[in-house]
Amino acid sequence: MRGKLLLGMVLASITLSSCSLSSEQEIAMRSLQLPTMVLSDATYVLDRSPQLPITVVAEEISLYDNPKRATLKNLSFTQYDAKGVLELSGSADLASVDLGTYDAELTGSVRVEKADAHLVIEADQIQWIQDQEKLLSNPDSIVQLTFEGNKRVKGTSLVVELSTSTVSFKEVEQGVIDL
């Protein structure tokens, strides 16, 4: 009887120890953060006066409390001026937005168009710096810039200051800019 009890305890302890999480798995489980709210097929209007409102349409918007951020899947956005004329539009497969600064990183088939400047940016990844109204590309990837309707330039390390429509590349891979 004692042998069976001892054998049962040994088997139970082996079973329990094999089912328990390793310390790395426990830490990963504790650090896994679930969104506070998930919106599907959502339209969101970001209105931060005195800036013009931006309308965002996304397949999914996940909002997180700590840190305050949002992730958006399959999104498009538009911004109109006070007269109702399209000023800025774009799309991306994914975006991550800091809800404190409104800085964002857009990835996957990114397209940004500034209508009044006839400027289109296409890239795999673009970073938006809100307080500087600046777009930055990944230094290692090629970005295509189309301007004046049909002129194209491809290059790396793109910097676009939307407030002044100033554009610069670290290196131009293809195309010519005539001044």
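Structure shown above.
Everything quoted here is computed from the prediction, not taken from an experiment.

Calculation criteria
Residues numbered from 1 in each chain as written. Predicted model: local features only at pLDDT ≥ 70, side-chain atom pairs only at ≥ 80, totals over all residues. Heavy atoms only, no water. Helix = DSSP H or I, 4+ residues; strand = E, 2+ residues; numbered from the N terminus. Buried < 20%, exposed > 50% of the residue type's maximum accessible area, 1.4 Å probe, protein only. Contact = heavy atoms within 4.5 Å. Salt bridge = Lys/Arg side-chain N within 4 Å of Asp/Glu carboxyl O. Polar contact = N/O pair within 3.5 Å; in protein donor to acceptor, adjacent residues only side chain to side chain. Pairing = 2+ DSSP bridges.

**Description of unusual backbone geometry**
Logical step 1: Following Asn66, the chain continues into Pro67 via a peptide bond in cis, with omega recorded as -5°.
Logical step 2: Within the secondary structure layout, Pro67 lies in the loop between strand E2 (54-64) and strand E3 (69-80).
Logical step 3: The phi angle at Ser157 is positive, at roughly 55°, despite the residue not being glycine.
Logical step 4: Mapped onto the secondary structure, Ser157 falls in the loop between strand E9 (151-156) and strand E10 (159-161).
Logical step 5: A relative accessible area of 17% places Ser157 in the buried class.

**Brief notes about the side chain of Ser141**
Logical step 1: Among the structural elements, Ser141 can be located in the loop between strand E7 (134-137) and strand E8 (143-147).
Logical step 2: Ignoring anything within four residues of it in the chain, the contact list for Ser141 reads Gly155 and Thr156.

**A closer look at the pattern of salt bridges**
Logical step 1: Taken as a whole and judged by the stated rule, the model has 6 salt bridges.
Logical step 2: Of the charged contacts in the structure, one is a salt bridge between Lys73 and Glu60, with a shortest N-O distance of 3.4 Å. Note that Lys73 is positioned in strand E3 and Glu60 in strand E2, a separation of 13 residues in sequence.
Logical step 3: What makes Glu60 partly exposed here is its relative accessible area of 23%.
Logical step 4: Residue Glu148 pairs with Lys151 through a salt bridge whose shortest N-O separation is 2.6 Å.
Logical step 5: Counted as one network, the salt bridges with shared partners bring together Arg111, Glu113 and Glu122.

**Section: the side chain of Gln79**
Logical step 1: Note that Gln79 resides in strand E3.
Logical step 2: At 2.9 Å, the side chain of Gln79 forms a polar contact with the backbone oxygen of Leu52.
Logical step 3: Excluding its chain neighbours within four sequence positions, the residues that come into contact with Gln79 are Leu52, Pro53, Ile54, Val85, Leu86, Glu87 and Leu88.

**Some points on the pairing of E8**
Logical step 1: With 5 of its 5 residues buried, E8 lies for the most part within the structure.
Logical step 2: Judged by which residues are buried, E8 turns out to be covered on both faces: Val143, Leu145 and Phe147 on one side and Gln144 and Thr146 on the other are all buried.
Logical step 3: For strand E6 (residues 119-129) and E8, the ladder comprises 4 bridges, and the chain directions are antiparallel. Residue pairing for E8: Val120 is matched across the bridge by Thr146.
Logical step 4: Where E8 and E9 come together, 5 bridges link them in antiparallel fashion. Considered in E9, the bridge of Thr146 is made with Arg152.

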